[in-house]
Amino acid sequence: RSIQVAMSNVPDNAPEDCPGTQSSAAGKVAACEGCPNKAVCASGLPRAPDPAIAAVKERMANVSHKILVLSGKGGVGKSSFSACLARGLAANDQLQVISECVM
């Protein structure tokens with residue numbers, strides 16, 4: 001796959017020439033024939049905004065200090081680092097740690 005397609009949202013079980021779920025051609029081109037994701041991709045649902053974004057924004061609005069720990073790769077110790085950071089900052093009663101996997 002090209003770098004552009006590999007970096008887009010292409011399901012693991014998609015055909016080799018999948019245009020990606022974010023493409024306007026998703027579910028509509030010849031490469032989509034026989035793909036188990038064709039109907040979902042053609043519906044446009046994968047391109048819709050995540051409905052949970054508003055709820056997350058509202059919940060995070062009262063958090064005055066945020067530390068983002070991220071990496072473009074899995075298995076590099078983000079959760080371990082976050083746990084150690086939380087322990088180091090544990091003297092503060094207001095500390096909360098949220099660990100999320102964002103794909």
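This write-up is about the structure you can find in this document. (Residues numbered from 1 in each chain as written. Predicted model: local features only at pLDDT ≥ 70, side-chain atom pairs only at ≥ 80, totals over all residues. Heavy atoms only, no water.)

**Some words on the overall build of the protein chain**
- Scanning the protein chain from N- to C-terminus turns up four helices and zero strands.
- Reading the helices (α) and strands (β) of the protein chain from amino to carboxyl end gives α-α-α-α.
- Among the 103 residues that make up the protein chain, the fraction classed as buried is 15%.
- A fraction of 13% describes how many contacts in the protein chain between residues 6 or more apart in sequence connect residues 24 or more apart.
- About 8,400 Å² of surface is accessible on the protein chain, with carbon and sulfur atoms providing 57% of the total. (Helix = DSSP H or I, 4+ residues; strand = E, 2+ residues; numbered from the N terminus. Buried < 20%, exposed > 50% of the residue type's maximum accessible area, 1.4 Å probe, protein only. Contact = heavy atoms within 4.5 Å. Areas by Shrake-Rupley, 256 points an atom, 1.4 Å probe, with all protein chains shown as cover.)

**A closer look at the environment of Val40**
- Take Val40: it is sitting in helix H2 (residues 38-43).
- By relative accessible area, Val40 is classed as partly exposed at 47%.
- The spatial distance from the C-alpha of Val40 to the C-alpha of Ala26 is 9.0 Å, given a sequence separation of 14 residues.
- Apart from the residues lying within four places of it in its own chain, the contact partners of Val40 are Leu45 and Pro46.

**Concerning the state of the cysteines**
- Summed over the entire model, instances satisfying the criterion amount to zero disulfides.
- Cys32 supplies the cysteine sulfur nearest to Cys18, a cysteine that is in no disulfide, at a spacing of 5.9 Å. (Disulfide = S-S within 2.5 Å.)

**With respect to the pattern of salt bridges**
- Applying the stated criterion to the full structure yields one salt bridge.
- Residue Lys38 is joined to Glu33 by a salt bridge in which the shortest nitrogen-to-oxygen separation is 2.7 Å.
- What makes Lys38 partly exposed here is its relative accessible area of 26%.
- On the basis of relative accessibility, which here comes to 52%, the residue Glu33 falls in the exposed class. (Salt bridge = Lys/Arg side-chain N within 4 Å of Asp/Glu carboxyl O.)

**What about the side chain of Thr21?**
- Relative to the assigned elements, Thr21 resides in the loop between helix H1 (3-7) and H2.
- Those residues in contact with Thr21 that lie beyond four places of it in its chain are Asn9, Pro11, Ala26, Cys41, Pro46 and Arg47.

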